[in-house]
Amino acid sequence: KAGIPLGVMKVLDPRQLKPDSIETERILTVFDETIVKLEITRLIPRIIGSLERFARMLGPEITSSLLEHQKLSGEIQDLLANPGDEERRRAVEQHLKCSLRNTLRLFLANPLLYHGLKYEVWVRESPADVFIKAFKQFRDFTLERLLTSPDEEKEKIQFMEDISLRVEKNTETISALQAELEAAIQTRDEEVNSKDKKIENLKTSMENLAKDCKADIQQITKEGEKQQKEDEKASQDRCARLEQDVLRLITQFKALVLEHRASELVLRKKKCQTEREIEKWVQKYDIDMAEKQATYEEVEAVYNKEKAQLALLMEKHALLLQEYTEIQEERRMLKEKAEEAAREAARRNDAATYIQAFWKGYLVRSIYKSKLKKGKGKGKGRGK
C-alpha cells in the first residue's frame, strides 16, 4: 500500500467515496429504490405463505393485493404447466406484472412496514440473494465510476504502467540470469575439457614413465580424479543454484502475468457492463422527458383555450353590465315622469314601475347566472 498512489487507493476502497452532485445522488437513489424493490419481491412469496399471520400488520389494501397476486401466480403456473393458449398466458402475465407493481407501490408507501417485515419474515437463501448482492456490488461500482476524477484515472493508469515496467525489468533479470547460467555451463565444460586434456597428457606421461615412477603416476592420477570430482561437484552445485533461481523468477513472472491479466479482464468486464447500464438509463431518461414534454404541451393547449373562453365571457359580461345601466337609466326617467301625474295615478304607476323593474332585474340575473353556470361547467370539463 505504501507504493500505491492516493487516487488509486481511493478507487480501490469505495468506502471513501461520497456523492458530489445532484445527478449522482439521483442515480444512487434509483439504485437504492431498485434494491428495496428486489428485497420486497424476495419477501412476497413468504408473506403470502403466512398471510393470516401478517394480515393485521399489512392491512386490508395490501392483503387484498397479495391475494390477487397469489391468484394470478397460480393461474400463470397452470398455464405454463399446460401450454396452449398463448394469448391468455400473455394477458395473465401482464396482469401479474401490474399486480406486482401495485404491491410494491403499497409497500414503498409504508417503509416502516417493510422494515418490520424484513426482520419478521425468514427466507431461505436463494438465487435472488445472489442477484441482489451482485446488484449492490454493481451499485458500488457505478458510484466508483461516477466519482472517479480524471486525475485519479491517470494515477491508476500510471500505476498499471509502473507494474508493467516492473514486469519488464523482471523479464530482463531472468534473461540476464539465463545468459549467466549458459556462460557458467560453458565455462564448466571448458574447464572439464581442459582437465580431461590434462588427464590425457598425464596418462601419456604415466605410460611413458610407468616403469620409473609408477607410484608417482598412481598418486597423481588419484589427485587428478579427486580434483576432477570436486570441480564437477562444485560446478553441478552452482548450476543447480542458478537453475533454482531461474525457476523461482519464472514462477514469479508467470504469477504476476496471471494476476494482472485477471485484474485487467475484471476491469474490462466492469467497464463494458457500466457503459451498457449508463446507455440504458440515458435512453430511459430521454423517453421519460419526451412523455413529460408532450403532456406539458397538451396542458398548455387546454390552458390557452380556456383563457380565450374566459376573455369571451368577460366581453359578454361587459355588454350585460352596459344593458343593465341603460335599464336603470330608463327606470329613473319613468319615475320622474310618473311623479308629475296625480298621486293615485303616481302610486299605481310607481307600483307598476317597481314590479316591472323587479321582474326585468330578475330576468337579467337569471340569464346572467345561467350563462355563468354554463361557462363554469365547460371550464371544469376541459380541466378534467
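- Per an unreviewed UniProt entry, the protein is named Dynein regulatory complex protein 10, and its organism is Rhagologus leucostigma.
- As its UniProt record puts it under Subunit (unreviewed entry), the protein is described as follows: "Component of the nexin-dynein regulatory complex (N-DRC). Interacts with CFAP52."
- Taken directly from UniProt, the Function (unreviewed entry) text for the protein runs: "Component of the nexin-dynein regulatory complex (N-DRC), a key regulator of ciliary/flagellar motility which maintains the alignment and integrity of the distal axoneme and regulates microtubule sliding in motile axonemes."

### Examining the packing of aromatic side chains
At step 1: The final tally for this structure, using the stated rule, is six aromatic pairs.
At step 2: Note on F135 and F138: the rings are 6.3 Å apart at their centroids and 50° apart in plane angle, and the pair reads as tilted. Pair noted here: F135 and F138 are both in helix α7 (residues 127-147), with a separation of three residues, about one helical turn.
At step 3: Judged by its relative accessible area of 16%, F135 falls in the buried class.
At step 4: Put simply, the rings of F31, F131, F135, F138 and W281 touch in pairs and so form one group of aromatic residues.

### Concerning the environment of H317
At step 1: For H317, the location among the structural elements is in helix α9 (residues 214-339).
At step 2: For H317, a relative accessible area of 31% puts it in the partly exposed group.
At step 3: Note: C-alpha distance between H317 and Y368 (51 residues apart in sequence) is 8.0 Å.

### With respect to helix α2 (residues 22-49)
At step 1: Between the first and last C-alpha of α2 there are 41 Å, a value that for 28 residues agrees with the 40 Å anticipated at 1.5 Å per step.
At step 2: Of all the bends in α2, the largest measures some 30° and sits at L43, one to four residues before the proline P45.
At step 3: Residues of α2 that are buried: T24, L28, F31, I35, E39, I40, L43, I44, I47 and I48.

### Regarding the packing of α2 against α7
At step 1: Here α2 crosses α7 at 175°, and the two axes come no closer than 10 Å. The angle between α2 and α7 places the two elements in the roughly antiparallel class. Two secondary-structure elements touch here, α2 through T24, I27, L28, F31, D32, T34, I35, L38, E39 and R42 and α7 through D129, F131, I132, F135, K136, F138, R139, T142, L143, L146 and L147.
At step 2: Looking at the contact of α2 with α7 residue by residue, the class counts come to 12 nonpolar, three polar and six charged.

Criteria and cut-off values
- Residues numbered from 1 in each chain as written.
- Predicted model: local features only at pLDDT ≥ 70, side-chain atom pairs only at ≥ 80, totals over all residues.
- Heavy atoms only, no water.
- UniProt positions renumbered as here; feature names shortened; annotations may be inferred.
- Phe/Tyr/Trp six-rings, centres within 6.5 Å; stacked < 30°, edge-to-face > 60°.
- Helix = DSSP H or I, 4+ residues; strand = E, 2+ residues; numbered from the N terminus.
- Buried < 20%, exposed > 50% of the residue type's maximum accessible area, 1.4 Å probe, protein only.
- Expected span 1.5 Å × (residues − 1).
- Bend = angle between axes of the 7 residues up to and from the residue.
- Axes fitted to C-alpha atoms, helices over the stretch in contact; angles between N-to-C directions.
- Parallel < 35°, antiparallel > 145°, perpendicular 65-115°, else oblique.
- Contact = heavy atoms within 4.5 Å.
- Nonpolar A, V, L, I, M, F, W, Y, C, P; charged D, E, K, R; others polar.

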